[in-house]
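# Coordinate inspection notes
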Amino acid sequence: MILNPAIIALLVGSLLVSFFALYALFQGYRIIQHWDLRSGSELQLGLERKTYLISTVLSWLLLFEIASLFLFSNTAERIHDQFVGAMCAAGTLQVNPYGYPTLVVKMAAFLFCGVWMIVNHTDNRAYDYPLVPGKYKLLLPLAGLIMLETYYQARYFAGLKADVITSCCGTLFSIYTESLGGDLASLPFSGTALLLVASMVLTVRTGLHVFVTGRGAGLFSLASGWTTVLSLAAVISFVSVYYYEIPTHHCPFCLLQKEYHYIGYPLYLSILTAGICGVSVGVLERLKGPASLGAIIPRLQRRLSAAAVFAFLIFAGIAAYPMIFSDFILQ
């Protein structure tokens, strides 16, 4: 295993998050079973203190979990020169079978953590904490994702060997490669770009509708989820090509390099932020009902819809910049 401070930080941090997620899951089960805000018993008072502690500590740990996605990508990028054949993080993640599964699970955990933190924030705004049972039920799949990520990440870093010959991004994301990366790279430019523009217009339009009227949260949530996935596919299909100005180069990881001004970080952050905020609008719509949240949820939905629209527009601006200001034309 290759050891450096970033890898050690990722491993130790994931272990701490997993341990506390299990502890929160155990305490959450007790809270679900015995929570009764109308009771003034010693048990209820103890549960209230624990839910304050768990929510606060878990929120900070989940922030680390969110940041670890970019730390993991950055680490994979920085150590690529230690493997023969690797030109960027794409080759580093191909060194053993656990690299790409770790990245996928981290992305899923990133989105889930963001949604849980918004639900937790909503619950803390109400005087009677009506979402306590629901948000602790959400900890079960979240804890499962975190522990799966910890396992995959540990196996990935433990299996890193410098004498392994890996593949370069030009091979992994080639239109001639029979893989998911190859399939995304071979998506037709015109059709994918047109679909992305149409999806972006629909998402922004429904987001503005939610912001102005407070209605249409479900449609906006679905549109945001779809546009998030499509945006990630479009990065591989044609957005990255315009930044590289090489028709055959579809790598989504080289955008994280200094040569391209680290443009990949704001690009991916804007996509994932838009996804979290947009999907959370629909999640909060399903949580409507308690009187104490009657004024809180609509206000948060408007703010989240505005944040999602803003994030999608940032992505659109970053994606369109080289198409507008460079001489490169992709036929």
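First things first, this report covers the structure right here in the doc.

Procedures and definitions
Residues numbered from 1 in each chain as written. Predicted model: local features only at pLDDT ≥ 70, side-chain atom pairs only at ≥ 80, totals over all residues. Heavy atoms only, no water. Helix = DSSP H or I, 4+ residues; strand = E, 2+ residues; numbered from the N terminus. Buried < 20%, exposed > 50% of the residue type's maximum accessible area, 1.4 Å probe, protein only. Contact = heavy atoms within 4.5 Å. Phe/Tyr/Trp six-rings, centres within 6.5 Å; stacked < 30°, edge-to-face > 60°. Salt bridge = Lys/Arg side-chain N within 4 Å of Asp/Glu carboxyl O. Patch = residues over 30% accessible without salt bridge, like charges linked within 9 Å, V, L, I, M, F, W, Y side chains within 5 Å. Areas by Shrake-Rupley, 256 points an atom, 1.4 Å probe, with all protein chains shown as cover. Axes fitted to C-alpha atoms, helices over the stretch in contact; angles between N-to-C directions. Parallel < 35°, antiparallel > 145°, perpendicular 65-115°, else oblique. Left-handed = near helix turned anticlockwise from the far one by under 90°. Nonpolar A, V, L, I, M, F, W, Y, C, P; charged D, E, K, R; others polar. Expected span 1.5 Å × (residues − 1). Bend = angle between axes of the 7 residues up to and from the residue.

With that settled, the discussion passes to the side chain of Thr 122. Here Thr 122 lies in helix α4 (residues 99-125). The exposure class assigned to Thr 122 is buried, which follows from its relative accessible area of 0%. If near-sequence neighbours (up to four positions away) are discounted, Thr 122 is found in contact with Leu 131, Leu 284, Leu 293, Ile 296, Ile 297 and Leu 300.

In this section: the packing of aromatic side chains. Tallied over the entire structure, the rule returns 16 aromatic pairs. Consider the rings of Tyr 98 and Tyr 152, whose centres lie 6.0 Å apart with planes at 45°: the pair is tilted. Here Tyr 98, found in the loop between α3 (89-93) and α4, pairs with Tyr 152, found in helix α6 (residues 139-158); they are 54 residues apart in sequence, far enough to count as distant. Overall, the relative accessible area of 22% leaves Tyr 152 in the partly exposed class. Each member of the aromatic cluster is reached from another via a ring pair, and the members are Phe 70, Phe 110, Tyr 262 and Tyr 265.

Following the sequence through the fold, Ile 146 ends up in helix α6. Looking at Ile 146, the relative accessible area reads 1%, which means it is buried. In this structure the C-alpha to C-alpha distance between Ile 146 and Phe 110, which are 36 residues apart in sequence, comes to 9.7 Å.

A word on the pattern of salt bridges. Scanning all chains against the criterion turns up three salt bridges. Among the ionic pairs, Glu 149 bridges to Lys 106, the shortest N-O distance being 2.7 Å. One end of the pair, Glu 149, is in helix α6; the other, Lys 106, is in helix α4, with 43 residues separating them in the sequence. Between Asp 123 and Lys 135 there is a salt bridge, with the nearest N and O atoms lying 3.0 Å from each other. Placement of Asp 123 in helix α4 and of Lys 135 in helix α5 (residues 132-137) is noted, with a sequence separation of 12 residues between them.

Judged by side-chain polarity, Leu 3, Ile 8, Val 12 and Leu 16 come together as a nonpolar surface patch covering roughly 370 Å² of accessible area. Inspection of the secondary structure puts Leu 16 in helix α1 (residues 5-34).

In contact at an axis separation of 9 Å, α4 and α6 are set at 150° when each is read in the N-to-C sense. One way to sum up the angle between α4 and α6 is to call them roughly antiparallel. In this structure, α4 crosses over α6, and the sense of that crossing is left-handed. Of α6, the residues touching α4 (which contributes Gly 99, Pro 101, Thr 102, Val 105, Lys 106, Ala 108, Ala 109, Phe 112, Cys 113 and Trp 116) are Leu 139, Pro 141, Leu 142, Leu 145, Leu 148, Glu 149, Tyr 152, Gln 153 and Tyr 156. Its residues assigned to classes, the contact of α4 with α6 comprises 14 nonpolar, three polar and two charged.

Here the focus is helix α10 (residues 217-244). The end-to-end C-alpha separation of α10 is 37 Å, in line with the 40 Å expected for 28 residues at 1.5 Å each. Of all the bends in α10, the greatest measures close to 55° and is centred on Val 235. Across the 28 residues that make up α10, a large majority, 21, are buried.

Direction vectors running N to C along α10 and helix α12 (residues 296-325) enclose 20°, while the axes themselves pass 11 Å from each other. In this view, α10 runs roughly parallel relative to α12, as classed from their interaxial angle. Viewed along their axes, α10 and α12 form a crossing whose handedness is left-handed. Every residue of α12 that contacts α10 at Ala 217, Phe 220, Ser 224, Thr 227, Thr 228, Ser 231, Val 235, Phe 238, Val 239, Tyr 242 and Tyr 243 is listed here: Gln 301, Ser 305, Ala 308, Val 309, Phe 312, Phe 315, Ile 318, Ala 319, Tyr 321, Pro 322 and Met 323. In the contact of α10 with α12, the residues fall into 16 nonpolar, six polar and no charged.

Note that Phe 112 resides in helix α4. A relative accessible area of 23% places Phe 112 in the partly exposed class. When the C-alpha atoms of Phe 112 and Ile 276 are compared, they prove to be 7.9 Å apart, with 164 residues separating the residues in sequence. Apart from the residues within four sequence positions on either side, Phe 112 is in contact with Leu 138, Pro 141, Leu 142 and Leu 145.

Below, the discussion takes up unusual backbone geometry. Note on backbone geometry: most residues besides glycine have negative phi, and most peptide bonds are trans. Positioned with a positive phi, Tyr 129 is a non-glycine residue whose angle comes to about 50°. Mapped onto the fold, Tyr 129 is located in the loop between α4 and α5. A positive phi angle, near 55°, is found at Glu 245, a position not held by glycine. Along the polypeptide, Glu 245 turns up in the loop between α10 and α11 (264-286). For Glu 245, a relative accessible area of 43% translates into the label partly exposed.

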